Amino acid sequence: MLHTYDISRKGEALRAAKDGAFDQLPIFDEQIECASREYIEALQLEKLKRQVKYTYENVQYYRDLMDQAHVNPDDIKSLEDVRLLPFTDKSALRDTYPYGLFAVDLDQVRELHASSGTTGKPIVVGYTDSDMDVWSDCIARLVQMAGVMPSDNAQMAFGYGMFTGGFGLHYGLQKLGCTMIPAGSGNTERHIQMIEDYGTTVLIATPSYAMHICEVGEEMGYDWESSPLRIGLFGGEPCPPGLKAEIESRMHIVCTDNYGLTEVMGPGVSGECLASRDQQHIAEDHFLWEVVDPDTGEPVAEGEMGELVLTPLDKQAIPVLRYRTHDLTRVTKEPCECGRTHARMDKVRSRCDDMLIIRGTNVFPSQIEDVLTGIEEVTPHYHIIVETVNGMDSLTVQTEIRPEAFSDSFQEMDAIRKKIEEKLKGVLLVGVKVQLMEPGGIQRTAGKAKHVDDRR
Ligand code: DLL
């Protein structure tokens, strides 16, 4: 039923991005993006040594930690020596809130951003002029991978607040030369009107909000096929391949996904090229990556799944060492068809801390998502409720029936419900209650979708 959008349809630039026609890309440094592994690693080592020294000398928190661990910046002689350094966790930023990890005076900081998370104090990060430059370069690089050109009109549907998504993408797209349309998140009908009136060619949104924009457009009778829109830039939350394919097919656009997190910069850490599709090139000249076993912190074998750990190599305002992202992925250094050589990480589908333990069995929301996207009668919108009933864990999955599959017949709806329950039980190995909701019955959000309500 779903098909991937035919790349040749809306514009030559996409073909250039896909075929690696690098001479057509306005901001492209072949020496960096297509560097040999030896070159990349030598650059990383040089930057790592400098960054560890800088951090040690300018952040008391790290100086204390390294002294306690008897590690000196001079001990860093190879990339593997990064393992001598302590990990950093979100708690380090919370405990030193707001400026305890800053390495520069506030008068050198041009901008602050923050991430609230679900509990406790927010974490605050800052950017010097140089950090802002690196940030916008990283974004310009990844949007070009998606086929964005200076002639594009880019409409922002991320929020412009303390969230790094809005301003981060804004600066990078503007640096590339695009016309920015800073609509911000929410007011979905207005987004669609603006796409039509302003000739928007690129939409930046979370994938769940892009899906909602798509649906609202269809309800308004908007013809996506003849709309000027040609590219969707997604990020900020997992984008399951099924959801991406559905958006591409219904909105007649090409979508790529980019990944990042506030603590190490915001968006810009990695981005998907049009050749690899469900993987993302890590900006290896700016980030040293490791993949570790989330339980032991030890490195996993190359190409194995584990927790991504990042050390930004150029950050000045708030350097962090070995940041544990809690995001699960695997990384390959295999050459990419697009010609870029930077390692590629699999799309992040889950975090080690979003695992639910249901009656002793480990369940990831992404497993539920995968089952649901394989069932043609339901939409990609879902909600998971976990609660304690009579002293036992109870898992309920609410999913939304597609309008074309909706029927007044109880038997028909019940058969679909039972089919989903059986499929979920087969994958998760625990009993699940499924509630079929009417079309539109699951709440939409303009930012990151919240799928899990754990009431235990
Ligand atoms: O979400 C930064 C960002 C904004 C990235 C816009 C891309 C586009 P935070 O709010 O700090 O920063 O949330 C970071 O969101 O650790 C992941 O768990 C998740 N995340 C971000 N991008 C992706 C993605 C921004 N493309 C946390 N796929 C990260 C999967 C993602 N998860």
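Thresholds, definitions, all that
Residues numbered from 1 in each chain as written. Predicted model: local features only at pLDDT ≥ 70, side-chain atom pairs only at ≥ 80, totals over all residues. Heavy atoms only, no water. Helix = DSSP H or I, 4+ residues; strand = E, 2+ residues; numbered from the N terminus. Buried < 20%, exposed > 50% of the residue type's maximum accessible area, 1.4 Å probe, protein only. Axes fitted to C-alpha atoms, helices over the stretch in contact; angles between N-to-C directions. Parallel < 35°, antiparallel > 145°, perpendicular 65-115°, else oblique. Contact = heavy atoms within 4.5 Å. Nonpolar A, V, L, I, M, F, W, Y, C, P; charged D, E, K, R; others polar. Pairing = 2+ DSSP bridges. Right-handed = clockwise from strand over helix to strand, strands pointing away. Near = heavy atom within 4 Å. Polar contact = N/O pair within 3.5 Å; in protein donor to acceptor, adjacent residues only side chain to side chain. Areas by Shrake-Rupley, 256 points an atom, 1.4 Å probe, with all protein chains shown as cover.

1. Overview of unusual backbone geometry
The residue after Tyr97, namely Pro98, is reached through a cis peptide bond having omega -5°. Here Pro98 is to be found in the loop between α5 (90–95) and β1 (111–115). Backbone geometry places Arg322, a non-glycine residue, at a positive phi of 45°. On the secondary structure map, Arg322 appears in the loop between β11 (306–312) and β12 (323–329). The phi dihedral of Leu429 falls on the positive side, at around 65°, and the residue is not glycine. Assignment of secondary structure puts Leu429 in the loop between α12 (410–428) and β20 (433–437). Residue Leu429 is classed as exposed on the basis of its relative accessible area, which comes to 63%.

2. Some points on the packing of helix α6 (residues 129–145) against helix α7 (residues 164–176)
Close contact between α6 and α7 brings their axes to 7 Å; oriented N to C, the two are set at 75°. Here α6 is positioned roughly perpendicular relative to α7, judged by the angle of their axes. Across the interface between the two elements, Met132, Asp133, Trp135, Ser136, Asp137, Ile139, Ala140, Val143 and Gln144 from α6 touch Thr164, Gly168, Leu169, Tyr171, Gly172, Leu173, Lys175 and Leu176 from α7. Split into classes, the residues belonging to the contact of α6 with α7 amount to nine nonpolar, five polar and three charged.

3. Observations regarding the pairing of strand β7 (residues 254–261)
Burial of β7 is extensive: seven of the eight residues sit out of reach of the surface. Two elements, strand β6 (residues 231–235) and β7, share five bridges in a ladder whose sense is parallel. Following the sheet pairing, Leu233 is matched in β7 by Thr256. Of the crossover connections in this fold, the one passing from β6 over helix α10 (residues 241–251) to the parallel β7 is right-handed. Pairing of β7 with strand β8 (residues 266–271), which is carried by four bridges, proceeds in the antiparallel orientation. Counted as the bridge partner of Asn258 is Gly271 from β8.

4. Regarding the site of the ligand
Residues in close proximity to the ligand total 19 residues, the closest being Asp257, Asn258, Thr262, Asp327 and Lys448. The contact in question runs from a nitrogen atom of the ligand to an N or O atom on the backbone of Glu237, over 3.2 Å. In the complex, the protein chains occlude 92% of the 600 Å² of accessible area that the ligand would expose alone. Mapped by element, the contributors of at least two residues to the shell around the ligand are α7 and β7. Among the elements that take part in the shell around the ligand, β7 stands out by supplying five residues, more than any other. Among the residues making up the shell around the ligand, the classes are represented as seven nonpolar, seven polar and five charged.

5. Some remarks on the environment of Arg83
By the secondary structure assignment, Arg83 is in the loop between α4 (60–68) and α5. It is 19 Å that separates the C-alpha atoms of Arg83 and Asp314, two residues lying 231 residues apart in sequence. Look past the residues within four positions of Arg83 in its chain and what remains in contact with it is Glu290, Pro299 and Arg322.

6. Here we look at the sheet that holds β8
Strand order across the open sheet formed by nine strands is β4-β3-β5-β6-β7-β8-β9-β14-β13, with mixed pairing between neighbours. With one partner strand each, in any of the chains shown, β4 (179–181) and β13 (331–332) form the two edges of the open sheet. Relative to strand β14 (residues 344–346), strand β9 (residues 279–282) is paired through three bridges, and the arrangement is antiparallel. Bridging from a neighbouring strand, Gln279 pairs with Asp346 of β14. In the packing of helix α8 (residues 188–198) onto the sheet, the strands contacted are β3 (153–156) and β4, and the crossing angle to β3 comes to about 170°. The sheet contacts of α10 involve β5 (202–205), β6 and β7, and relative to β7 the element is tilted by about 140°.

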